[in-house]
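Observations on the three-dimensional arrangement
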Amino acid sequence: MTKQIFLGAFEELTPNFISNAWHHEKGDTSGFATLEYWQEMARELDAAGFDFLFFAEAIGYPMSGDDVPEVVIREAVQFPVHDPMTIVSGLAATVDRLGFVVTASTTAQQPYLNARAFTTLDHLTKGRVAWNVVTSDNQVGLVKLLGQREVTPHDERYRRATEFLDLSFKLWEGAWEDDAIVNDKATRTFADPAKVHRIRHDGEYFHLDGYYPATPSVQRTPLLLQAGTSSAGRAFAGRFAECVFIQDRDIDQAAATVRDLRARAVANGRSADSVRIMDAVSIVVADTEEEALAARAMLDSTPSREAAAALFMGWSGVDLMKFDLDQTLAEVTTEVGQSMLGMFQRGEESPTVAEILDRITTSIGGPRLTGTPEQIADEMQRFVEVADVDGFLIEYTYGGMDTYRDFIDTVMPVLRQRGLLPETPRGGTMRDRLLGAGDRLPDSHPGATHRRR
Ligand SMILES: Cc1cc2nc3c(=O)[nH]c(=O)nc-3n(C[C@H](O)[C@H](O)[C@H](O)COP(=O)(O)O)c2cc1C
């Protein structure tokens, strides 16, 4: 029997995201800075049976050399962008089933403050929060805005991320014993000091000596997601990630990525299905194939090439506008997003810059599905059966709920009919919902070694 899939909505607190098509006639993102805009989206996704709303994070913005290309500000290429962490409690109060993924960067953040923010959100959402652990794209902006002296080299960012997680586990898993909170008025004992432990960490990047004053939340460690598939990124995912986002357009490539990620989990003493793998997809659906193709063509013609190139530059560190159109990127290296650049360096023949620009209009990464509801469902089912993906992250296309409504109304019923979606939407904590083995980190996860027995 075909397995049931997970669905997430891929968003950022910005008026213009992956497709760069905020000015398409369909879609309205003018309310992106308001709580009401996201509440409306959360309500509709929740009612439709989505598992989560995913918020990407861009601390910086696309930069070329020392400055921001004009197109970034004029055409709103990840600029403006707001803080994703602050929106979640307002949304958790609006819907009581949908989960939330918040992206936070181990290159930019500080472990103690990050841990405390996630513990607070895990309490407020009753365990419906997940952390998308990134080492960050947009490195140049990040350096300039955070006062770092220089870009931390790519693999070193993953070393820092590993230590960041190690310290976070000490705080989340090791600071409080399960029965430390007594809450006894008669003895004036809120918590048993013998069961609240001092944490010491003296590492290469971080130092901490003290107590963790945030009480244990439902999941303790939020469900851990990861989305970098460079070799350092995959090694990191194999150790820690409970869900990985991939962006493979080609089904055989997706199958290879999934096999590799599951094998890495197994090599780390975890089971192959202890990690859920979701491909990001851009969907345009209509009643007939002709209408869908016309709608896709219209969407593709909406953004400028400069805007598409600027978004790619922010994510990969490579400025396509500086290359000749008939050049390839085969020899190019980057200290920014290696998996993003790597997508255009695979195979015998690397695509030319002109071909890359055509391929990244309105969707840089994963499969672009265009067709009738049945055709879209067929293609999603094929990715599940052939590539063994566990679900899909639906990419921003038109902006606002116009990205999702046709998919919800026409494709989701087909998926449900085929048994690919559950009859009743899943609920519970993010971890139990995705992995089905309880709210807490499984014993096989390295974070669990920090637990006090
Ligand atoms: C679906 C998806 C979502 C991502 N979201 C973010 C994000 O919100 N913020 C960010 O800085 N990087 C994001 N990334 C990038 C990475 O997680 C990673 O930090 C970056 O690709 C550099 O690592 P790499 O060289 O291993 O790819 C995302 C990647 C994917 C595939």
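Residues numbered from 1 in each chain as written. Predicted model: local features only at pLDDT ≥ 70, side-chain atom pairs only at ≥ 80, totals over all residues. Heavy atoms only, no water.

Another point: the environment of D388. On the secondary structure map, D388 appears in the loop between α13 (373–387) and β13 (391–395). In this structure D388 comes out as partly exposed when scored by relative accessible area, which is 31%. With 112 residues separating them along the chain, D388 and R276 place their C-alpha atoms 9.8 Å apart. Contact partners of D388, with chain neighbours within four places excluded, come to K3, V258, R262 and F383. (Helix = DSSP H or I, 4+ residues; strand = E, 2+ residues; numbered from the N terminus. Buried < 20%, exposed > 50% of the residue type's maximum accessible area, 1.4 Å probe, protein only. Contact = heavy atoms within 4.5 Å.)

Let's shift gears to the side chain of S217. Within the element layout of this structure, S217 appears in the loop between β8 (207–210) and β9 (223–226). Engagement of the side chain of S217 in a polar contact is seen with the side chain of D122, the distance being 2.7 Å. (Polar contact = N/O pair within 3.5 Å; in protein donor to acceptor, adjacent residues only side chain to side chain.)

Summed over the entire model, instances satisfying the criterion amount to 21 aromatic pairs. Centroid distance F10 to F17: 5.3 Å. Interplanar angle 85 degrees. Geometry classified as edge-to-face. In terms of burial, F10 and F17 fall into one category: buried. Aromatic pair F50 and Y404: ring centres 5.9 Å apart, planes at 80 degrees, arrangement edge-to-face. Taken together, the residues span a long stretch of sequence, with F50 in the loop between α1 (35–48) and β2 (52–55) and Y404 in the loop between β13 and α14 (405–417) at a distance of 354 residues. (Phe/Tyr/Trp six-rings, centres within 6.5 Å; stacked < 30°, edge-to-face > 60°.)

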